[in-house]
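Architecture at a glance
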Amino acid sequence: MAGSVNCREASRLLSAACDRALDAEERQALQYHLGRCAMCRDFESQLKILRRAAERFRDGGA
Amino acid sequence: MTDPRFAQIESHRPYLMRYALSQLRDGQLAEEAVQEALASALESVATFGGKSSLRTWLTSILRFKVIDLQRRAASDRQHLESSDLAALSEDEGWLDELFDETGHLLEAPRAWSDPEAALEQRRFWEAFEKCLDRVPGAGGRVFFKREILGESTEAICKDERISSSNCWVILHRARLALRSCLEKSWFGKESLHGR
């Protein structure tokens, strides 16, 4: 990884971060990208909402 | 007089079916497990003290039925079907349809306003279930195990007999699909939700 990533890569890393620890290089590249990309920041917060929704769904939804 | 909890118990059937299908991967076996679990639950509803949610209690009854059926079906157990395996190789190609050649999303996501309020609405959960149904291939099942049941990717990989990297690709695709569907069917239509 060259130290910077595009949205496609960032999307992959954001999803991967839900399932495993990112290594230092990945974390750095992702943080760098998120600092510059509002759309990917939105995607990051939406992933968190999906996770909260999934947990609520397990417990019965609304 | 019928116990009003009977209707409540029955209302969890779709969720219980999803759970059973995620573990058994066979519609008939899943039906059998859910029927037995619901019958047990109806018989013993008086013992439900309400300490956990009703769904959690029902799922714990179902878990035992599923384990029984898994033991019985051990030799016939289906793992990832050949169509799923073909789909795995398509997953990276599928990403090509979402991103342009510079790696930008073709359809830019929009910020979701007040997602916490959405989680309080019954109709949101109807939309959520529909979107879950639409997640392609093995993604729905793997997403259900990972995000709803909270299983580790290690456990899922072992159960599905796939590699970790395949699992991550499937989950990435599932999350993108679910996100997009919820945006189209709920968050993009906020003016219609009467809030």
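Here the structure is a predicted model, which means the values were calculated and not measured.

In terms of helices and strands, chain A carries three helices and zero strands. Along chain A, from the amino end to the carboxyl end, the secondary structure elements read α-α-α. Computed over the C-alpha atoms, the radius of gyration of chain A is 13 Å, more than 25% above the 11 Å expected from 2.2 N^0.38 for a compact globule of 62 residues. Once the C-alpha set of chain A is aligned to its principal axes, its extents read approximately 45 × 25 × 15 Å. Put simply, chain A has 62 residues, and 44% of those count as buried. When contacts within chain A are restricted to residue pairs at least 6 apart in sequence, those whose partners lie at least 24 apart make up 52%. Accessible surface for chain A amounts to roughly 3000 Å². Of this, 48% is attributable to carbon and sulfur atoms. One way to put it: in chain A the 11 positive side-chain charges average out to a point 3 Å from where the 9 negative ones average out.

Ranked by internal contacts, the top residues of the largest apolar core, which has 67 residues, are Leu-62, Phe-124, Phe-128, Leu-178 and Leu-182 of chain B. Considering every element that reaches this core, the biggest residue donor is helix H3 (residues 38–59) of chain A, with eight residues. Core analysis: the second largest hydrophobic core is formed by eight residues, Val-142, Ile-156, Ile-162 and Leu-171 of chain B among them.

To continue, consider the packing of aromatic side chains. If you walk through the whole model with that rule in mind, you get eleven aromatic pairs over all chains. Feature note: the residues Phe-57 of chain A together with Tyr-15, Trp-112, Phe-124, Trp-125, Phe-128, Phe-144, Trp-186 and Phe-187 of chain B constitute an aromatic cluster, connected by ring pairs.

Residues and elements named next belong to chain B. Within the chain, Arg-25 stands out as a residue other than glycine whose phi angle is a positive 55°. Position of Arg-25 relative to the elements: it lies in the loop between helix H2 (13–24) and helix H3 (27–43). We classify Arg-25 as buried; its relative accessible area is 9%. A positive phi angle, near 55°, is found at Arg-161, a position not held by glycine. The residue Arg-161 is located in the loop between helix H9 (153–160) and helix H10 (164–185) in this model. In this structure Arg-161 comes out as exposed when scored by relative accessible area, which is 63%.

So, on to the environment of Ala-73 of chain B. Among the structural elements, Ala-73 of chain B can be located in the loop between helix H4 (54–72) and helix H5 (82–98). Residues Ala-73 of chain B and Leu-24 of chain B, spaced 49 residues apart in sequence, show a C-alpha to C-alpha distance of 8.8 Å.

A few words on the interface of chain B and chain A. At the interface, 45 residues of chain B touch 28 residues of chain A. Broken down residue by residue, the surface that chain B buries against chain A is led by Trp-125, Glu-147 and Arg-175 of chain B, which jointly contribute 18%. The partner of Asp-19 of chain A in a salt bridge is Arg-146 of chain B, and the shortest N-O contact between them spans 2.8 Å. Linking chain B with chain A are 16 residue pairs in polar contact (both at pLDDT 80 or more). Where the side of chain B that touches chain A is concerned, the elements lending two or more residues are H2, H4, H5, helix H6 (115–118), helix H7 (122–134), helix H8 (139–148) and H10 of chain B. Ranked by residues supplied to the side of chain B that touches chain A, first place goes to H10 of chain B with nine residues. Taken together, the residues of the side of chain B that touches chain A break down into 22 nonpolar, nine polar and 14 charged.

Residue and element names in this part refer to chain B. Most of H8 sits out of view: ten of its ten residues are buried. If you check which residues of H8 are buried, you get Gly-139, Gly-140, Arg-141, Val-142, Phe-143, Phe-144, Lys-145, Arg-146, Glu-147 and Ile-148. Positive backbone phi, approximately 75°, marks Gly-150, located one or two places after H8.

All names here are of chain B. Counted according to the given criterion, the structure contains one disulfide over all chains. Across the disulfide from Cys-131 sits Cys-181; the S-S distance is 2.1 Å. With the S-S bond torsion at -80°, the cross-link from Cys-131 to Cys-181 turns out left-handed. Remark: Cys-181 occurs in helix H10 and Cys-131 occurs in helix H7; sequence separation between them is 50 residues.

Let us now look at the packing of H9 of chain B against H10 of chain B. Residue and element names in this part refer to chain B. Following both chains from N to C, one finds H9 and H10 inclined at 105°, their axes separated by 9 Å at the closest point. In terms of axis orientation, H9 runs roughly perpendicular to H10. In this structure, H9 uses Thr-153, Ile-156 and Cys-157 to contact H10, whose residues at the interface are Ser-164, Cys-167, Trp-168 and Leu-171.

How each quantity is defined
- Residues numbered from 1 in each chain as written.
- Chains lettered and ligands numbered in written order.
- Predicted model: local features only at pLDDT ≥ 70, side-chain atom pairs only at ≥ 80, totals over all residues.
- Heavy atoms only, no water.
- Helix = DSSP H or I, 4+ residues; strand = E, 2+ residues; numbered from the N terminus.
- Rg over C-alpha atoms; globule rule 2.2 N^0.38 Å.
- Buried < 20%, exposed > 50% of the residue type's maximum accessible area, 1.4 Å probe, protein only.
- Contact = heavy atoms within 4.5 Å.
- Areas by Shrake-Rupley, 256 points an atom, 1.4 Å probe, with all protein chains shown as cover.
- Lys, Arg positive; Asp, Glu negative; His and termini not counted.
- Charge placed at Lys NZ, Arg CZ, Asp CG, Glu CD.
- Core = buried A, V, L, I, M, F, W, Y, C linked by side-chain atoms within 4.5 Å.
- Phe/Tyr/Trp six-rings, centres within 6.5 Å; stacked < 30°, edge-to-face > 60°.
- Buried area = accessible area lost by both parts, 1.4 Å probe.
- Salt bridge = Lys/Arg side-chain N within 4 Å of Asp/Glu carboxyl O.
- Polar contact = N/O pair within 3.5 Å; in protein donor to acceptor, adjacent residues only side chain to side chain.
- Nonpolar A, V, L, I, M, F, W, Y, C, P; charged D, E, K, R; others polar.
- Disulfide = S-S within 2.5 Å.
- Axes fitted to C-alpha atoms, helices over the stretch in contact; angles between N-to-C directions.
- Parallel < 35°, antiparallel > 145°, perpendicular 65-115°, else oblique.

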